[in-house]
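Examining the three-dimensional arrangement
So the chains spell out like this:
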Amino acid sequence: MDTETDANGRRPVGNPAAGVVHTLAERRETLATVESLTGGLLSAAVVEIAGVSGVYRGGLVVYATELKSELAGVPADLLADRGPVDPDVALALAEGGRRRCGADWGLATTGVAGPQPQDGKPVGLVYVAVAGPGGAEVRRLDLDGGRDHIRSAAVIEAFRLLTERIGAADALPAPGPGAAAEGGAEPAGTGRR
């Protein structure tokens, strides 16, 4: 993957997951992945990093549309209304992976790698999403190139988005004592090992 460029033509150095894994290890936080178009490339990039077992909880490859609902918890009506290549589906994948794997962060990919358009969506339309302690974000990518390049670029951009969200989470004020219990949310770090 180190020979690929990102959507903006920048060339990353080494495995794009290395910095994310290192940062999450320092923070004692965990990661889960849910992949459609990348079909395992995202998780493969993560597990290439030595010592990742303290960070990576696991992931789902949900290539078939119905598995996005059955395994990742994407609402079936959302999939029926919009199809699998949609920003809200990407967000639901990220949150579903985070929840199902008991992780602090969920990272997801969905899109059309080609060679043909899918359900009226063009080749190269990709959504990457992250869900974490401070909320969720999705990014639309319009990628050029062949199937392999689109899939590799999606992985790079997913890690870039996660890096940005981790940085944004650092800027959030820390919740007060008992805030998680009062709000009914899971306590911070529930997914930690």
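Our subject is the structure that appears above.
Residues numbered from 1 in each chain as written. Predicted model: local features only at pLDDT ≥ 70, side-chain atom pairs only at ≥ 80, totals over all residues. Heavy atoms only, no water.

A look at helix α1 (residues 18-27)
Residues three or four positions apart in an α-helix share a direction because the helix packs 3.6 residues into each turn. Of all the positions in α1, only Val20, Val21 and Leu24 are classed as buried. The buried side chains of α1 occupy one side of the element, clustering within an arc of 95° when seen end-on. Residues of α1 that are buried in the fold lie against β1 (31-35), α2 (41-47), β3 (105-111) and α6 (147-170). (Buried < 20%, exposed > 50% of the residue type's maximum accessible area, 1.4 Å probe, protein only. Helix = DSSP H or I, 4+ residues; strand = E, 2+ residues; numbered from the N terminus. Arc of directions from axis to C-beta. Contact = heavy atoms within 4.5 Å.)

Overview of the pattern of salt bridges
This structure, assessed with the given rule, holds ten salt bridges. Put simply, Arg98 and Glu95 hold a salt bridge, and the shortest N to O gap is 3.6 Å. Remark: Glu95 and Arg98 occur in helix α5 (residues 87-101); sequence separation between them is three residues, near one turn of the helix. Since its relative accessible area comes to 28%, Glu95 is described here as partly exposed. Across the pair Arg139 and Glu164 runs a salt bridge whose closest N-O atoms are separated by 2.5 Å. Of the two residues, Arg139 is situated in strand β5 (residues 135-142) and Glu164 in helix α6; the sequence distance between them amounts to 25 residues. (Salt bridge = Lys/Arg side-chain N within 4 Å of Asp/Glu carboxyl O.)

Brief notes about the sheet that holds β5
Pairing in this open sheet of five strands is mixed, and the strands run β2-β1-β3-β4-β5 from one edge to the other. Here the strands that pair on one side only, and so sit at the sheet edges, are β2 (56-61) and β5. Across this sheet, the average inter-strand angle for adjacent strands is 10°, counted without regard to direction. Note: β1 against β3, five bridges, orientation parallel. Looking at the pairing, Val34 lines up with Ala108 of β3. (Pairing = 2+ DSSP bridges. Axes fitted to C-alpha atoms, helices over the stretch in contact; angles between N-to-C directions.)

Quick notes on the pairing of β1
Of all five residues in β1, five are buried; the element is thus mostly enclosed. Along β1, one buried face is formed by Leu31, Thr33 and Glu35 and the opposite face, lined by Ala32 and Val34, is buried too. With five bridges joining them, β1 and β2 adopt parallel strand pairing. Residue Ala32 lies in a different strand from β2, and its bridge partner there is Gly58. You can see the chain leave β1, run along α2 and come back into β2, and the turn it takes is right-handed. (Right-handed = clockwise from strand over helix to strand, strands pointing away.)

A short note on the environment of Gly73
Looking at the element boundaries, Gly73 is found in the loop between α3 (65-70) and α4 (76-82). Here the alpha-carbon distance between Gly73 and Ala94, two residues 21 residues apart in the chain, equals 9.9 Å. In contact with Gly73, other than residues within four places in its own chain, are Lys68, Arg99 and Arg100.

Some words on the nonpolar core
Ranked by internal contacts, the top residues of the largest apolar core, which has 31 residues, are Leu31, Val46, Trp105, Leu107, Val126, Phe159 and Leu162. The greatest single-element share of this core, amounting to ten residues, is contributed by α6. With sequence-adjacent residues up to four places away left out, Leu162 is seen in contact with Val20, Leu31, Trp105, Leu107 and Val130. Grouped together as the second largest cluster of nonpolar side chains are 19 residues, Ala72, Ala108, Ala129 and Ala131 included. (Core = buried A, V, L, I, M, F, W, Y, C linked by side-chain atoms within 4.5 Å.)

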